[in-house]
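Reading the structure
The lines below spell out each chain.
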Amino acid sequence: MSNSIISLKNVTMKFGGVTALNDVTFDVKQGEILGLIGPNGAGKTTVFNVITGVYQITSGAIDFDGKSLSGTKRYKITKRGIARTFQNIRLWGDMTALENVVTATDTHKKSGLLSGLFGMPISRKEEKRDKARAQELLDFIGIGEYADRLARNLPYGVQRRLEIARALGTNPKLVLLDEPAAGFNPSEKVELAATIRKIRDAGYTVLLIEHDMSLVMKVSDRVVVLDFGQKIADDVPNKVQNDPRVIEAYLGVPEDAS
Amino acid sequence: MINLRDKGADIWERSNRIERTFIALGFIALAASLPFFGGTFLNTPIADYESVLVYPIAMFVLMAIGLNIVIGKSGLLDLGYVAFFAIGAYTMGLLGTRTSLNTWEILPIGIAMAMFSGVILGVPALKLRGDYLAIITLGFGEIVRIVALNLGTLGRSEGILNIPTPPSVFGVEYSFDSHRIYYWTLLILILFAIWMVRRLSVRRAGRAWESIRQDEDAAELMGVPTFKYKVWAFVLGASVGGAAGVFYASKTLFIAPDNFTLQISILILACVVFGGMGNIWGVILGAVILGYLPDRIRFLSDARLLVFGLVLVIMMNLRPDGLLPRKKREKPLPKQVQ
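Residues numbered from 1 in each chain as written. Chains lettered and ligands numbered in written order. Predicted model: local features only at pLDDT ≥ 70, side-chain atom pairs only at ≥ 80, totals over all residues. Heavy atoms only, no water.

What follows deals with a positive patch on the surface. On the surface, a cluster of positive charge is contributed by Lys73(A), Lys76(A), Lys79(A), Lys127(B) and Lys228(B). Counting through the fold element by element, Lys79(A) comes out in helix H2 (residues 74-80). (Patch = residues over 30% accessible without salt bridge, like charges linked within 9 Å, V, L, I, M, F, W, Y side chains within 5 Å. Areas by Shrake-Rupley, 256 points an atom, 1.4 Å probe, with all protein chains shown as cover. Salt bridge = Lys/Arg side-chain N within 4 Å of Asp/Glu carboxyl O. Lys, Arg positive; Asp, Glu negative; His and termini not counted. Charge placed at Lys NZ, Arg CZ, Asp CG, Glu CD. Helix = DSSP H or I, 4+ residues; strand = E, 2+ residues; numbered from the N terminus.)

In structure tokens form, the structure reads like this:
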């Protein structure tokens, strides 16, 4: 367990009478790509939301990098090294692609409002450094030529990729990707799979929610399956694929068999 | 309609440093020479032209720049901006009449008081969003006015009389009727405010405000300390309003709660929206027009406000984003990816 970067222990999340996550326990190991799958409403995005502090969990514990995340403010969770993308794209549309990423890099700036106002050397230095870093990230994700375009006007696929670049801009240890391939055609999905591996190879740990089974099975080192807020499987892809409970969750049980 | 913003931005972008300096100096010279146009078509019938330049025009411009930080940059609807103006003015009134401090010494105190009240209002209010924030700020604006109306030290409805004018600096005398001197001083304050906003816009603070305005939740999840920057926006907006207030009190020599009604907040908000939220040049243009117009058409007497309202309605229909909307330009994409 020593090499796990984040671990969820018996996490339960209740919204009034609805239990979105029920006693979920799993961890993500340093440097792996963990696929998180499950039918609609299984609680996948809720997992992201409890990790990033959008919701406070009802019970259980989440440890990141050896320390608890409970009660940490959202932006501080990001600063500690967790970044995410959104299922429905939430870029800042009136900013350019580059500005979107630079804003994410601001997370780790030492200079704030006053040093910016008075043009302190540290502010200038950090501005220059992070602009270069943001451009690097756009190039890394393969959308470098769109740097000066407003995010709002970018093609859909580029926006999805920009979300990833922005998440990487916060210099995270763990990247949460929420359905990055939604709306992609098969060839774009292949490209994305390569990008996700490239991200892992660059030293990031990836937790991936995805509906496209072939993509998940192809890129993930391990897959966790949720159904109705409960974990029903946690194993390598080809074992998960043949797990009867997983098949049941996705396809249902034939009536005569039950 | 011709796109003035894009045209202007194009010219600016194509110019080099020296040309830019000349353009900027040209505009400053133009603004500074406005008091000399009293005899032309610009003249305001009935009201004294030079005094109109000081209040409302220059005051409105200054306040609109301040409010634009809050509303235009950060997207926080503040309906009680007049409160900071009032706090600056009453600081001047109180200290100016009861202590031996002069206007220049009170100016930083007034700004500090306004900033402090920005924190007092901001910390509880900025936990709320949208309509709720608007209602709280609206209430704050009224509270400040009503406190002034009921507090004996602040003169109740009689206000504060005999507020001293600023002492002379470098041989420049400030007397009650030397409007152009006040106007030029305000111009310096305005230039300082513009410098501050433009500086911040391209740095971390500007990006934080932009991201908060566009998607606050996403901003927070991307590591932007949203609350801190929202309070900063309030505080900086308040500082500009406070500076305007100090100067206003020192110019009119007499302040009363009636000078700080909700109407002022609404008017400044109208300047920002009319000119173009988030674009400092638009906001300035809006404030100049909305400050000037009511006095220019004063000969219409009672129909004046009707015409003023009509102009607002028509313009907002023609240009819903304001006269000079915020930047929406982008560099053309290189050929191969188009």
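Next, the rest of the story.
All right, on to the pairing of strand E10 (residues 230-235) of chain A then. All names here are of chain A. Where strand E9 (residues 222-227) meets E10, five bridges bridge the pair, whose relative direction is antiparallel. Along E10, the bridge assignment pairs Val 223 with Asp 235. Between E9 and E10, which follow one another and run antiparallel, lie two residues, and Phe 228 among them has a positive phi close to 45°. (Pairing = 2+ DSSP bridges.)

Moving on, we come to the interface of chain A and chain B. Taken together, the contacts link 40 residues of chain A with 37 residues of chain B. Approximately 3500 Å² of surface area, both sides summed, lies buried where chain A meets chain B, with 59% of it carried by carbon and sulfur atoms. Looking at the side of chain A facing chain B, the largest losses of area belong to Trp92(A), Leu113(A) and Leu117(A), adding up to 20% of the total buried there. On the surface where chain A and chain B come into contact, there are seven salt bridges. Those elements giving two or more residues to the side of chain A that touches chain B turn out to be H2, helix H3 (97-105), helix H4 (113-117), helix H5 (121-141) and helix H6 (156-169) of chain A. In the side of chain A that touches chain B, the residues fall into 14 nonpolar, 12 polar and 14 charged. (Contact = heavy atoms within 4.5 Å. Buried area = accessible area lost by both parts, 1.4 Å probe. Nonpolar A, V, L, I, M, F, W, Y, C, P; charged D, E, K, R; others polar.)

Let's shift gears to the environment of Arg245(A). Structurally, the position occupied by Arg245(A) is in helix H10 (residues 244-251). A sequence separation of 12 residues divides Arg245(A) from Ala233(A), and the C-alpha atoms of the two residues are 7.8 Å apart.

It is worth spelling out the domain arrangement of chain A at this point. All names here are of chain A. Splitting chain A by domain gives domain 1 (1-81 + 172-258) and domain 2 (91-171). Here domain 1 and domain 2 have C-alpha centroids that lie 27 Å from each other. Per-residue buried area on domain 1 facing domain 2 is highest for Lys 79, Pro 172 and Tyr 204; these three make up 30% of the total on that side. Salt-bridge contacts for Arg 161 lead to Glu 191; the nearest nitrogen and oxygen are separated by 3.4 Å. Taken together, the connections running from domain 1 to domain 2 amount to five residue pairs in polar contact (both at pLDDT 80 or more). Among the elements of the structure, H2, strand E7 (174-178) and helix H7 (186-201) are those that each provide at least two residues to the side of domain 1 that touches domain 2. The biggest single contributor to the side of domain 1 that touches domain 2 is H7, with five residues. Looking at side-chain class alone, the side of domain 1 that touches domain 2 contains 10 nonpolar, three polar and six charged residues. (Domains from an automatic or database assignment. Polar contact = N/O pair within 3.5 Å; in protein donor to acceptor, adjacent residues only side chain to side chain.)

Residues and elements named next belong to chain A. Taken in spatial order, the four strands line up as E2-E1-E4-E5 in an open sheet, and their pairing is antiparallel. Two strands bound the open sheet, and with one partner strand each, they are strand E2 (18-29) and strand E5 (67-68). Of the pairings in the sheet, the one linking strand E4 (residues 59-64) to E5 comprises two bridges and is antiparallel in character. Bridging across to E5, Asp 63 finds its partner in Ser 68. The strands touched by helix H1 (residues 44-51) within the sheet are strand E1 (4-15), E2 and E4, with E1 carrying the most contacts at an inclination of about 110°. (Axes fitted to C-alpha atoms, helices over the stretch in contact; angles between N-to-C directions.)

It is worth spelling out the packing of helix H4 (residues 82-98) of chain B against helix H5 (residues 103-125) of chain B at this point. Residues and elements named next belong to chain B. Where H4 contacts H5, the axes come no closer than 8 Å and their chain directions differ by 140°. Between H4 and H5, the angle is such that the two are oblique. Judged by the sense of rotation from one axis to the other, the crossing of H4 with H5 is right-handed. Here H4 contributes Phe 84, Ile 87, Gly 88, Thr 91, Met 92, Leu 95 and Gly 96 to the contact with H5, which in turn contributes Thr 103, Ile 106, Ile 109, Gly 110, Met 113, Ala 114, Ser 117, Gly 118 and Leu 121. (Parallel < 35°, antiparallel > 145°, perpendicular 65-115°, else oblique. Left-handed = near helix turned anticlockwise from the far one by under 90°.)

With that settled, consider the packing of aromatic side chains. Residue and element names in this part refer to chain B. Using the criterion set out here, one finds 16 aromatic pairs over all chains in the structure. Ring centres of Tyr 248 and Phe 260 lie 6.1 Å apart, and the angle between their planes is 80°; this geometry places the pair in the edge-to-face category. Within this pair, whereas Tyr 248 is found in helix H10 (residues 226-252), its partner Phe 260 is found in the loop between H10 and helix H11 (262-275), the two being separated by 12 residues in sequence. In this structure an aromatic cluster arises from ring pairing among Tyr 55, Phe 60, Phe 85, Tyr 90, Tyr 248 and Phe 260. (Phe/Tyr/Trp six-rings, centres within 6.5 Å; stacked < 30°, edge-to-face > 60°.)

All names here are of chain A. At their nearest, the axes of H6 and H7 sit 12 Å apart, and the two run at 5° to each other. On the basis of their axis angle, the class for H6 and H7 is roughly parallel. On the side of H6, the interface is formed by Arg 161, Ile 164 and Leu 168, while H7 contributes Glu 191, Leu 192, Thr 195 and Ile 199. Classifying every residue of the contact of H6 with H7 by side-chain character gives four nonpolar, one polar and two charged.

Moving on to the sheet that holds E9(A). Residue and element names in this part refer to chain A. Taken together, six strands build an open sheet; the order of strands is E6-E7-E8-E3-E9-E10 and the sheet is mixed. Only two strands of the sheet have a single partner each, and these edge strands are strand E6 (82-84) and E10. Direction aside, neighbouring strands of the sheet carry axes that sit 20° apart on average. The pairing of E6 with E7 spans three bridges and is parallel. Bridge assignment links Arg 84 to a residue of E7, and that residue is Leu 176.

Within this structure, the stated rule accounts for 34 salt bridges over all chains. The partner of Asp234(A) in a salt bridge is Lys231(A), with the nearest N and O atoms 3.1 Å apart. Classification of Asp234(A) as partly exposed rests on a relative accessible area of 27%. Of the charged contacts, one joins Arg5(B) and Asp6(B) as a salt bridge, the two residues approaching to 2.9 Å between their closest N and O atoms. Under the relative-accessibility criterion, Arg5(B) is labelled buried at 14%. When salt bridges with common partners are traced through the structure, they connect Arg74(A), Arg90(A), Arg129(B), Asp215(B), Glu216(B), Asp217(B), Glu220(B) and Lys230(B) into a single cluster. (Buried < 20%, exposed > 50% of the residue type's maximum accessible area, 1.4 Å probe, protein only.)

For the bond from Tyr55(B) to Pro56(B), the omega torsion is 15°, close enough to zero to count as cis. Its place among the elements puts Pro56(B) in helix H3 (residues 49-73). Phi at Asp65(A) is positive, roughly 55°, even though this residue is not glycine. Inspection of the secondary structure puts Asp65(A) in the loop between E4 and E5.

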